[in-house]
Amino acid sequence: MSTTQAEPPPIVFEPRSGESWRDPFPMYKALRDHDPVHMFENDRGEFWALSRFSHVLAAAIDAKTFSSAKGLTIAYNEMEQLDIESPIVMMDPPDHTAIRKLAIKRFTPRQLNAIEPLLRAFVIERVERLREMGEGDVVQELFKPLPSLVVGHFLGVPEADRSLFDRWTDATVAASADGNIGSGGDAVGELVRYFSEMIERVRKNPGDDVISALVHARPGGNEVSAAWILGFAFTMVTGGNDTTTGLLSGAAELLTKNPGQKKLLAEDPGRIPNAIEEFLRLTSPAQGLARTTTRDVTIDGKTIPSGRKVMLLYASANRDEREFGPDASECDITRKIRRHLALSYGPHFCIGAAAVRLQSRIALEELIGRCPDFTVDFAKGTFASGSYVRRYASMPFCATGAF
Ligand code: HEM
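This report concerns the structure included in the present document.

Reading guide: rules and limits
Residues numbered from 1 in each chain as written. Predicted model: local features only at pLDDT ≥ 70, side-chain atom pairs only at ≥ 80, totals over all residues. Heavy atoms only, no water. Near = heavy atom within 4 Å. Polar contact = N/O pair within 3.5 Å; in protein donor to acceptor, adjacent residues only side chain to side chain. Helix = DSSP H or I, 4+ residues; strand = E, 2+ residues; numbered from the N terminus. Nonpolar A, V, L, I, M, F, W, Y, C, P; charged D, E, K, R; others polar. Expected span 1.5 Å × (residues − 1). Buried < 20%, exposed > 50% of the residue type's maximum accessible area, 1.4 Å probe, protein only. Axes fitted to C-alpha atoms, helices over the stretch in contact; angles between N-to-C directions. Parallel < 35°, antiparallel > 145°, perpendicular 65-115°, else oblique. Contact = heavy atoms within 4.5 Å.

On to the site of the ligand, then. Around the ligand sit 26 residues in total, of which His96, Arg100, Tyr314, His348 and Cys350 are the nearest. A distance of 2.9 Å is found between an oxygen atom of the ligand and a side-chain nitrogen or oxygen belonging to Arg291. Residue His348 places a side-chain N or O atom 2.6 Å away from an oxygen atom belonging to the ligand. Within the residue set of the shell around the ligand, elements represented by two or more residues are helix H4 (95–104), helix H11 (226–240), helix H12 (242–257) and strand S5 (289–293). For the shell around the ligand, the class distribution of residues is 16 nonpolar, eight polar and two charged.

Structure, rendered in structure tokens:
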């Protein structure tokens, strides 16, 4: 064994927020290489972090050992703070399996095809506006309102309510990113009231949306409770918005850093779907989410005791050289990706996966098609607060590539 190896860097997992999200990747690499089953402590207790692809994948699949029922953050009393019924992401099989089957029916290819013209018209209008302005904040103009439009559509929010819905969504997403939904104040209350009224309305007049599907479903002969439907609506609002903004803003950064890759996409837009998998892998907007162990579990010779919160570091796993090869941190839009963990894996695999792929394909087709020379000044971009989702809060964009 070599004795000349350099001292490894300090191995610590530090939750990030805001500006400290700029570059968490050396931390992940140090964890993967030197302490892949990492224990860390703070004044609230003992926690663990898994950073290698194989370990995170196995934990995501094994919901019996790595439970979601005590919440997805590293707060040990998280569920006591929540005043709504456990949302779908915080349930374990078999209850979770039954309810997921109901929700997933509204995310079929037919439903997605139907929404494409609406999304494309919206994206074209916003991209053209950016092109005319020459410069602007692409997060505010496009990457934030687009996912809100998608989530609103699936939830059945009519066009007339859209601007109110966007405002409430903004405040709710910001409060939930900070781990304290209560800090969203009036906006969260308005959103609860809005969805509660909608649940009553669709009892008589069902639409083609996921709320109507859940209101009229009778799993095992019983109604789905209004509190549970509310929890599902909130999962979509808090899980489908800033994640997609993170993917799109991260993709704009990667395309600016790699102009050759942007050229490949401009020459053949048919490459965009594969590029989106590479962008998902490298940006991994849901950087890490927690589970709670239901028994002692030994991984790589270390035993995590029962009842501990364990972070599944999806973003680290997605750059693991052991899975993706020595160039795992490089952007290669032609890479053949067998699987990645940006949308998790196993029982909680993202229900919105096809919706994410659709909206990002349309956004990239129109951006690259209409502004092939665009660049973003990612160094001047700012990051949103919150310790679980990494996304830009603002990003200067130039249609002609002057940055
Ligand atoms: C780039 C965008 C997105 C990313 C990175 C993402 C990521 C994820 C991840 C990692 C999970 C698993 C959570 C866990 O590990 O506990 C998840 C679950 C979920 N996602 Fe997404 N998501 C995105 C967009 C969306 C959208 C647009 C929607 C809705 C339209 C959505 C709806 C959901 C729902 C309902 C679940 C819960 C599934 C379950 O627990 O069975 N997501 N997502």
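A rise of 1.5 Å per residue sets the reference length of H12, with its 16 residues, at 22 Å; its end C-alpha atoms lie 22 Å apart and thus fit the reference within 8%. With 15 of 16 residues buried, H12 lies mostly within the body of the structure.

Below, the discussion takes up the packing of H12 against helix H13 (residues 259–267). Where H12 contacts H13, the axes come no closer than 5 Å and their chain directions differ by 105 degrees. As judged from the angle between their axes, H12 and H13 are roughly perpendicular. Contacts from Leu255, Thr256 and Lys257 in H12 reach Pro259, Gln261, Lys262 and Leu265 in H13. When the residues that make up the contact of H12 with H13 are grouped by side-chain class, the tally is three nonpolar, two polar and two charged.

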